[in-house]
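# Secondary and tertiary structure notes
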There are 4 protein chains.
Amino acid sequence: MCGIVGIYNHPEAANLAYLTLHALQHRGQESAGIAVSDGKTIRNYRRMGLVSEIFTEDALTKLPGDKAIGHVRYSTSGESLLKNSQPFCVNYTHGDLAIAHNGNLVNAQKIRSRLETQGSIFQSTMDTEVITHLMAGSREKDLVNILVDALHQVEGAYSLVLLTESCLVAARDPYGWRPLVIGKLDNSYIVASETCALDLIEAEYVREVEPGEIIVFDEKGMHLHKPFAVPQKKALCIFEYIYFARPDSHVFNRDVYEMRKGFGHQLAKENPVEADLVVPIPDSGVPAAIGYSEETGIPFQMGLIRSHYVGRTFIEPSQSIRHFGVKLKLNPVRETLKGKRVVLVDDSIVRGTTSRKIVKMVRDAGAREVHLRISSPPTAWSCYYGIDTPTREELIASSHSVDEIRKFITADSLAYLSEKGLYWFTKKHKEWFCDACFTGDYPVKAEQPKKLKLVQS
Amino acid sequence: MCGIVGIYNHPEAANLAYLTLHALQHRGQESAGIAVSDGKTIRNYRRMGLVSEIFTEDALTKLPGDKAIGHVRYSTSGESLLKNSQPFCVNYTHGDLAIAHNGNLVNAQKIRSRLETQGSIFQSTMDTEVITHLMAGSREKDLVNILVDALHQVEGAYSLVLLTESCLVAARDPYGWRPLVIGKLDNSYIVASETCALDLIEAEYVREVEPGEIIVFDEKGMHLHKPFAVPQKKALCIFEYIYFARPDSHVFNRDVYEMRKGFGHQLAKENPVEADLVVPIPDSGVPAAIGYSEETGIPFQMGLIRSHYVGRTFIEPSQSIRHFGVKLKLNPVRETLKGKRVVLVDDSIVRGTTSRKIVKMVRDAGAREVHLRISSPPTAWSCYYGIDTPTREELIASSHSVDEIRKFITADSLAYLSEKGLYWFTKKHKEWFCDACFTGDYPVKAEQPKKLKLVQS
Amino acid sequence: MCGIVGIYNHPEAANLAYLTLHALQHRGQESAGIAVSDGKTIRNYRRMGLVSEIFTEDALTKLPGDKAIGHVRYSTSGESLLKNSQPFCVNYTHGDLAIAHNGNLVNAQKIRSRLETQGSIFQSTMDTEVITHLMAGSREKDLVNILVDALHQVEGAYSLVLLTESCLVAARDPYGWRPLVIGKLDNSYIVASETCALDLIEAEYVREVEPGEIIVFDEKGMHLHKPFAVPQKKALCIFEYIYFARPDSHVFNRDVYEMRKGFGHQLAKENPVEADLVVPIPDSGVPAAIGYSEETGIPFQMGLIRSHYVGRTFIEPSQSIRHFGVKLKLNPVRETLKGKRVVLVDDSIVRGTTSRKIVKMVRDAGAREVHLRISSPPTAWSCYYGIDTPTREELIASSHSVDEIRKFITADSLAYLSEKGLYWFTKKHKEWFCDACFTGDYPVKAEQPKKLKLVQS
Amino acid sequence: MCGIVGIYNHPEAANLAYLTLHALQHRGQESAGIAVSDGKTIRNYRRMGLVSEIFTEDALTKLPGDKAIGHVRYSTSGESLLKNSQPFCVNYTHGDLAIAHNGNLVNAQKIRSRLETQGSIFQSTMDTEVITHLMAGSREKDLVNILVDALHQVEGAYSLVLLTESCLVAARDPYGWRPLVIGKLDNSYIVASETCALDLIEAEYVREVEPGEIIVFDEKGMHLHKPFAVPQKKALCIFEYIYFARPDSHVFNRDVYEMRKGFGHQLAKENPVEADLVVPIPDSGVPAAIGYSEETGIPFQMGLIRSHYVGRTFIEPSQSIRHFGVKLKLNPVRETLKGKRVVLVDDSIVRGTTSRKIVKMVRDAGAREVHLRISSPPTAWSCYYGIDTPTREELIASSHSVDEIRKFITADSLAYLSEKGLYWFTKKHKEWFCDACFTGDYPVKAEQPKKLKLVQS
């Protein structure tokens, strides 16, 4: 997963990009980058690591300009390299261009192979680079037409920001998988994946970039383009509500915290249980656990404490000391759990191994019964639109029944939210949302990814 | 504030020190260090930064041995230098010695001046170094007698671990300000500031190191020494319950999470208010807010979301973009707060500036009323025993009434927990606890600190 | 200027590349890189800095394979960036390719513009990248034919090594500006800019790569290709003899040290002077000074001592302390120079400012007379074939007579070697050598370079 | 070996210390440091590495003040640690003090043991620290008296600079092993190990600090103290002339370059040989080789070329590729040496292994005969006064006759300069010089060094 931002017409564009990226850090902790334009030159700075580590005062000082785009990237398997970080910058026949992308194209390999046969040379293994090559090969003259030319050839999920020397462009694919919003700060425009980025810099929320829109910000203002035929359906990612977005963000025109609390209420209605405590698996399980507690009247307790200091590069120093992945992050409050019947609330189960460790941890701390409640349906299908789910084989729900999963994770009971309960807030879910990870109903078919091997460092 | 650990008789002593320090990271984020002994040589490694950043695989590999001590240190004003990090190691007439210290000596300057006049040279500006010089000057022959000789001369708070080539020593001052516990992992002994460190490595909790005890771990086992006259009272730090210790720790023989929830119940009984929501200031305010909600029946909501990515070195990039200190850390959930009467629950108020920003943030997010409830009495006095409170002048409660504070922070109402409510769990509070930060009743008088100036880097 | 190496069929290919690059360090101190192939994957490692700093044991360990190419690069104005370092690696339709280049193409901009119009995207501002794009666009199938296709389109100077997964290729342009030699070490082939690289690893010198040759090293051995029409003349760079190559190298089939001593003899015959001492400007002036001393009988003395510790990044700390550029590097031996008539011998004069400082330094040290003798003709024209001479305007000899230069540098007399004296060793100089820097007779016309501006870091 | 500098009363004291240390880099490449005083605070900055690497612009900016001392240190066996770098700074009863030391005390261990028994704690394993502890324990009140008190207790070699908040002190032991000179730059005083440091900053040479002198620079000027009884003899280190000092320095009131040329003349008179070429082993053998050539009339040639890029940390990447220690540094000029009878001139032979490799290298390059001439007597004894010679056992001349050494190094002939020839310039050598490394006549007896083991990093 990734987060993107764009800043137009602010004297401290790099500083605002830095702050908004920081607010989107939960969308990607592997690498971060900012490209700025001062009207003449595009400068790009990207590194592996966290926003707060990468952007020193010195680094920000070297990024002058009043327009900027930024990107944070999540670690995906095998290709965690600097050359695959963004913004991705190129110098092509129409000048300099920087691009930042959230989402995943499903026909990138096919296009890449075709372009390479025609003599193109690729720098990275990112699908995003395909867009720049399609733009470089376009015979159109105007930036929007060049971009439309390229986007008509790609399929899949993209929320994009592009920077040229003189303008900022925001674009979102017609299905609208990934969120993208517009804000305003005095005379500046801000584009960002989530509204929490606007909140940090006290920018006013204007509206979403709608699926299928291309919006250009230049010296004459904000210009709207709708170059795509109206698609049969939208495919907003339901998983943004369940797990990915920050609870304080307003996504797809709804508040994430309230959505999650609603999942908890539905979950309680569908799957009640006699118990003494409702305990969330922090932090993502907290709103649903509050909802579950409200619906059932069972007291809410923070029976698992989350450490603030779990970094990305923690060393597991020894084979004889195991299970640190969970223990480093969570520790039970023994007195609170001892002798109690505990309802644990989490957002989802992927492989099942972490859930199993947590159930064991809670039982070892003295809980009499451990009931696990999941605020979404079973995750049984991989995502090809930008979320880093593992292969289908690794998803426990792809090959196990709920009761088999319960046995594996050693819970006294296990229940998931139903698909119907998931859509408690709307009747149009099939027309509006992508829930392929639960249903296997993929709105657009995906090619299988191919491994590339040039290693440069 | 600091956290300390000691490991005796484990083949991966440095790894265990590393893990336990990680669990104590909340007690100090400025620097960390580990000293190990392999029976022949003491090796010491200390750096500025977080445990997870400092101890790379390479660094840990270079720390062989079956005995170790470790230390994490909190940033105090002006002397945030590597030479003031711990463990502090010396080579003196009796061999090599490493020491790690939590607490603050109140007569260190006086002793230092005397020793310097006699020809001693100090390497750091830490009070801890005084102990090593007193040990170096002792005419005793046996390690325990040498240590007792030194400790009889110092006054104030100390929980200590010492490492020689062949043994580990734990010591706690007779008043017992700072916690120190003993655990057991198979045939190894673990000493740590808090039980959460034992939990991480699955060590069994044995007991506290009692105030006034010196405990030696050597090849013959664990040896207890009580070299001090029984003091008139103990002085366990009540602030460990209110804020400092982790909620999942068991401190001074009680569970911290339950203590804090109890503060919330008392606070609600003493200071009820008509409201729609109880919202904690995360994370330290959460247990008290749950207690307040339980007592009053007002629904608990996570109306403020805390970022996980606020590091120690965040740059405030611009004067025109203000108040990041709070905004980077907290963001309100607008839909949840809008139009509501909100009870905010926090553990304490220091200068009042942060509380003022949070009250404003909640009101700006749409709250109709904002009532602040503090789960401890007004903090009106500086701590000289190891907590880094600012000078008295900077503590808002030292010079302002509760109503003046309320006006400053712009809350609709403000109430603190009473001193009586604070001790809801005991009748012997005057005999057992130090609450000088609330009452000014200092168990031991402190000298004024002097600034030293040699700058080495 | 640059240095290149290639290794074929040695189990420690990266180690040999490292050592041979170290021996060629004088050809470029700005950046260095090594690309290796293990038969399946090409790995590339390049950094700014010196060979000995860049290639740590860890870095070399991560470069497994039995084939390698390497490159060292000299600092040229304005584009001293990592992306412009080499080897340059690409993944194109025919697989992976790494390339390292010594020399300068004179029609690179024209080709680049044409390719960009057709949709190509360039990663760097190096002329070398043009070759890879021409190769990517070729319709040939075989590597040699693809390369010939590309080289037929470029003009100017190139000594090249290319690495694919399975073979090593060496190529030299038909004019042969830059040297390139082949060596053998047991069953391995070594290609390098100069023979001093072969000496270091005790490889046996086989022969030069002749101008216009392409030589492929693969599992069937060494294959020779001569795809170019025989050119009218060769254009071996005479400046390699005067300054650039190491004196212990054998270049263009002659020993550099003996060539330089010969320049000194000729210089003495043409321009004798009454004097007490012959003093070289170390280190490049030493062989010519010895020749001058031998021819005239005037004693040779090391009257200027060169520091070994002048790095690339020395800070001039203060405006009030001037002329460090020369003083840091050279210091006079006062007793030796005092009261003496001194003949200073240097290889060339570029701007004249350094010579002026040295003449002053020698006079301040007590010399009675200072006579400067230059072991080459006046440098009056810029080089477009790979040597980093400044623009013509900056070359003092482009606009000043010898006597005007003498006045500027404040010498008692000044004399250059004549063009005839320069070629003391051959009668075929016009058919064999490029001396455009002295004569302005450019064998191939050059386009004016254009500045590119994308800044990536 | 080490180099030291002191600056008094210059607004850019740190910059001057930096430049003068750079000029003394040949005296120590392991670590460097500068301590400055601005009249109130002493700041110290020391690191492992070269002067030009350590002192970035940023580092120098953080060293404000008009007084400074500096130090460069040579690598000695086993204790190459930051804590053993200098200047060494302490805060003691009389205030702050920084000290930098060239030389070696011979009774440091004995004093250290005594002080530790009395309760002192040492930070480093350097002999220099003993002086600070003796000063801290002095009952004198005045800085000079305190220093004299300490220096009366130590034995051995020391040239020292000391810095307090308000003054600079230079001191040299009564035997005068190590050089120390005074210069003047406008109103500033400069103290340095060699005159080449004065030359770089264009300071005027004033005079030597005489053996046994203590000189204080303060606001009232320069004050001379001679607190020692006149010793029976001086012990100026003859090896400074032979190898250590830079040839452009004026040491012990004589020019080093001319001294070395004189050694070459004497060597030729004592040990002539029929030959075709005189070739120095660069750079230290150059002046003696010129002298040898002048005396014999045999032509001087630079038949061995020295690389400028041999750093301190070159990796020998492979066991199969041997002898890099010499090959990386030196390469023969084949054409020049082929078929010739060569006289190689070097300054000394330590273990013999390097000489053996060079003789082989010259013979492999085609030399018909190789005659080695050494411009000093056989090095048969270890130095205890500051030069890092290996133990006696490792010195080949301690256990082998000249003919045995000749066989080992495979030369056709070998001859050393005689002790008489060494002193061609004086008749008072026994009263003035220390030549213990040749004769075993140690002016002051030395204790055996003891290993200390605390490892801190």
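Residues numbered from 1 in each chain as written. Chains lettered and ligands numbered in written order. Predicted model: local features only at pLDDT ≥ 70, side-chain atom pairs only at ≥ 80, totals over all residues.

This brings us to the overall build of chain A. Counting its regular elements, chain A contains 17 helices and 24 strands. The C-alpha radius of gyration of chain A comes to 23 Å, within 12% of the 23 Å expected for a compact globule of 457 residues. A principal-axis box enclosing the C-alpha atoms of chain A has dimensions of 70 × 50 × 45 Å. Counting over 457 residues, chain A shows a buried share of 57%. Once local pairs closer than 6 in sequence are excluded, the contacts in chain A between residues at least 24 apart make up 71%. (Helix = DSSP H or I, 4+ residues; strand = E, 2+ residues; numbered from the N terminus. Rg over C-alpha atoms; globule rule 2.2 N^0.38 Å. Buried ≥ 20, exposed ≤ 12 C-beta atoms within 10 Å, placed from the backbone. Contact = placed C-beta atoms within 7 Å.)

This part is about helix H9 (residues 256-270) of chain D. All names here are of chain D. With 15 residues, H9 extends 21 Å between its outermost C-alpha atoms, agreeing within 8% with the 21 Å of an ideal straight helix rising 1.5 Å per residue. Counting buried residues in H9 gives 12 out of 15 residues, a clear majority hidden from the surface. Residues Val-256, Tyr-257, Met-259, Arg-260, Lys-261, Gly-262, Phe-263, Gly-264, His-265, Gln-266, Leu-267 and Ala-268 constitute the buried set of H9. (Expected span 1.5 Å × (residues − 1).)

Attention shifts here to the interface of chain B and chain A. On the chain A side, the residues contacting the 46 residues of chain B number 46 residues. Mapped onto the side of chain B that touches chain A, the elements with two or more residues apiece are helix H1 (13-23), helix H3 (57-61), helix H7 (195-200), helix H9 (256-270), helix H10 (286-296), strand E19 (330-332) and helix H12 (334-337) of chain B. For the side of chain B that touches chain A, a count of residues per class yields 24 nonpolar, 11 polar and 11 charged. (Nonpolar A, V, L, I, M, F, W, Y, C, P; charged D, E, K, R; others polar.)

Before going further, it helps to examine the sheet that holds strand E12 (residues 214-218) of chain C. Residue and element names in this part refer to chain C. Read from one edge to the other, the open sheet built from 6 strands follows the order E5-E6-E7-E8-E12-E13, with strand pairing classed as antiparallel. Strands at the two margins of the open sheet, each flanked by one partner only, are strand E5 (88-92) and strand E13 (221-225). On average, each strand axis in the sheet is tilted by 20 degrees relative to the strand beside it, whichever way the strands run. Of the pairings in the sheet, the one linking strand E8 (residues 168-172) to E12 comprises 4 bridges and is antiparallel in character. Note on E12: the bridge partner recorded for Ala-170 is Ile-215. Against the sheet, helix H5 (residues 128-136) touches E5 and strand E6 (95-102), its axis set at about 15 degrees to E5. (Pairing = 2+ DSSP bridges. Axes fitted to C-alpha atoms, helices over the stretch in contact; angles between N-to-C directions.)

Here we take up the sheet that holds strand E5 (residues 88-92) of chain A. Residues and elements named next belong to chain A. If you trace the 6 strands from one edge of the open sheet to the other, you get E5-E6-E7-E8-E12-E13, paired in antiparallel fashion. The sheet is open, and its two borders are formed by E5 and strand E13 (221-225), each paired with just one other strand. Ignoring strand direction, the axes of neighbouring strands in this sheet form an average angle of 20 degrees. Sheet analysis places E5 next to strand E6 (residues 95-102), joined by 5 bridges and oriented antiparallel. Considered in E6, the bridge of Cys-89 is made with Ala-98. With respect to the sheet, helix H5 (residues 128-136) is in contact with E5 and E6, its orientation differing from that of E5 by roughly 15 degrees.

Residue and element names in this part refer to chain A. Each domain of chain A was delimited in the assignment, giving domain 1 (2-231) and domain 2 (257-306 + 322-423). Taking the mean C-alpha position of each, domain 1 and domain 2 sit 36 Å from one another. Among the residues making up the side of domain 1 that touches domain 2, the classes are represented as 4 nonpolar, 5 polar and 1 charged. (Domains from an automatic or database assignment.)

Moving on, we get to the packing of H5 of chain C against helix H6 (residues 143-151) of chain C. Residues and elements named next belong to chain C. Two numbers describe how H5 lies on H6: the axes approach to 8 Å, and their chain directions differ by 125 degrees. Judged by the inter-axis angle, H5 sits oblique to H6. Both H5 and H6 take part in a crossing whose hand is right-handed. When H5 is examined against H6, the residues Ile-131, Leu-134 and Met-135 are found in contact with a partner set consisting of Ile-146, Leu-147, Asp-149 and Ala-150. (Parallel < 35°, antiparallel > 145°, perpendicular 65-115°, else oblique. Left-handed = near helix turned anticlockwise from the far one by under 90°.)

Here the amide bond leading from Pro-282 of chain B into Asp-283 of chain B is cis, since omega sits at -5 degrees, within 30 degrees of zero. Along the chain, Asp-283 of chain B falls in the loop between strand E17 (277-280) and H10. We note that Asp-186 of chain D has phi near 55 degrees; this positive angle belongs to a residue other than glycine. When you line up the elements, Asp-186 of chain D lands in the loop between strand E9 (181-185) and strand E10 (188-192). Given 8 C-beta atoms within 10 Å, Asp-186 of chain D falls into the exposed group.

What follows deals with the packing of helix H9 (residues 256-270) of chain A against helix H10 (residues 286-296) of chain A. Residues and elements named next belong to chain A. Taken N-terminus to C-terminus, the directions of H9 and H10 make an angle of 45 degrees; their axes are 7 Å apart at the nearest point. When the axes of H9 and H10 are compared, the pair comes out oblique. Between H9 and H10 lies a crossing whose hand is right-handed. On the side of H9, the interface is formed by Tyr-257, Arg-260, Lys-261, Gly-262, Phe-263, Gly-264, His-265, Leu-267, Ala-268 and Lys-269, while H10 contributes Pro-287, Ala-288, Ala-289, Ile-290, Gly-291, Tyr-292, Glu-294, Glu-295 and Thr-296. When the residues that make up the contact of H9 with H10 are grouped by side-chain class, the tally is 9 nonpolar, 5 polar and 5 charged.

Position of Met-302 of chain C relative to the elements: it lies in the loop between helix H10 (286-296) and strand E18 (304-306). With 30 residues separating them along the chain, Met-302 of chain C and Pro-332 of chain C place their C-alpha atoms 8.9 Å apart.

This next bit is on the pairing of strand E1 (residues 2-8) of chain D. Residue and element names in this part refer to chain D. Among the 7 residues of E1, 7 are classified as buried, and the element is accordingly described as predominantly covered. Burial along E1 is two-sided: Cys-2, Ile-4, Gly-6 and Tyr-8 and Gly-3, Val-5 and Ile-7, pointing in opposite directions, are all buried. Relative to strand E4 (residues 67-73), E1 runs antiparallel, the two sharing 7 bridges. Paired with Cys-2 across the bridge in E4 is Arg-73. Pairing geometry for E1 and E10, over 4 bridges, is antiparallel.

With that settled, the discussion passes to the pairing of strand E7 (residues 159-163) of chain A. Residue and element names in this part refer to chain A. For E7, a buried count of 5 out of 5 residues is recorded, marking the element as mostly surrounded by other parts of the structure. The alternating pattern of E7 places Ser-159, Val-161 and Leu-163 on one face and Leu-160 and Leu-162 on the opposite face, and all of these are buried. Pairing geometry for E6 and E7, over 5 bridges, is antiparallel. Paired with His-101 across the strands is Leu-160, a residue of E7.

Turning our eyes to something else, we now look at the relation of the copies chain B and chain A. Of the transformation superimposing chain B on chain A, the axial component is 0.0 Å and the angular component is 180 degrees, with the fit at an RMSD of 0.0 Å. The symmetry that links the two subunits is that of a two-fold axis. Within chain B, His-308 of chain B has its C-alpha nearest the rotation axis, a separation of 3.3 Å. Comparing interface residues between copies, 100% of those in chain B also lie at the interface in chain A; the contact surface is shared. (Least-squares fit on C-alpha atoms with pLDDT ≥ 70 in both.)

Let's shift gears to helix H4 (residues 108-117) of chain C. All names here are of chain C. Of the residues making up H4, those classed as buried are Ala-108, Ile-111, Arg-112 and Leu-115. The arc that holds every buried residue of H4, seen down its axis, measures 100 degrees, which confines them to one face. Those residues of H4 that are exposed and angled more than 90 degrees off the buried face are Ser-113 and Thr-117. Residues of H4 that are buried sit in contact with H5. Phi turns positive one or two residues past the end of H4, at Gly-119, with a value near 110 degrees. (Arc of directions from axis to C-beta.)

Chain B shows no contact with chain C. Their nearest C-alpha atoms sit 13 Å apart. Across the gap from chain A to chain D, with no contact made, the nearest C-alpha atoms are 12 Å apart.

Residues and elements named next belong to chain A. For chain A, per-residue confidence averages 92 on the pLDDT scale, and residues scoring 70 or more make up 93% of the total. Confidence drops under pLDDT 50 across residues 450-454; counting only partners more than four residues distant or on other chains, this segment forms 8 contacts. Predicted complex metrics record ipTM = 0.90 and pTM = 0.88. (pLDDT = per-residue confidence, 0-100.)

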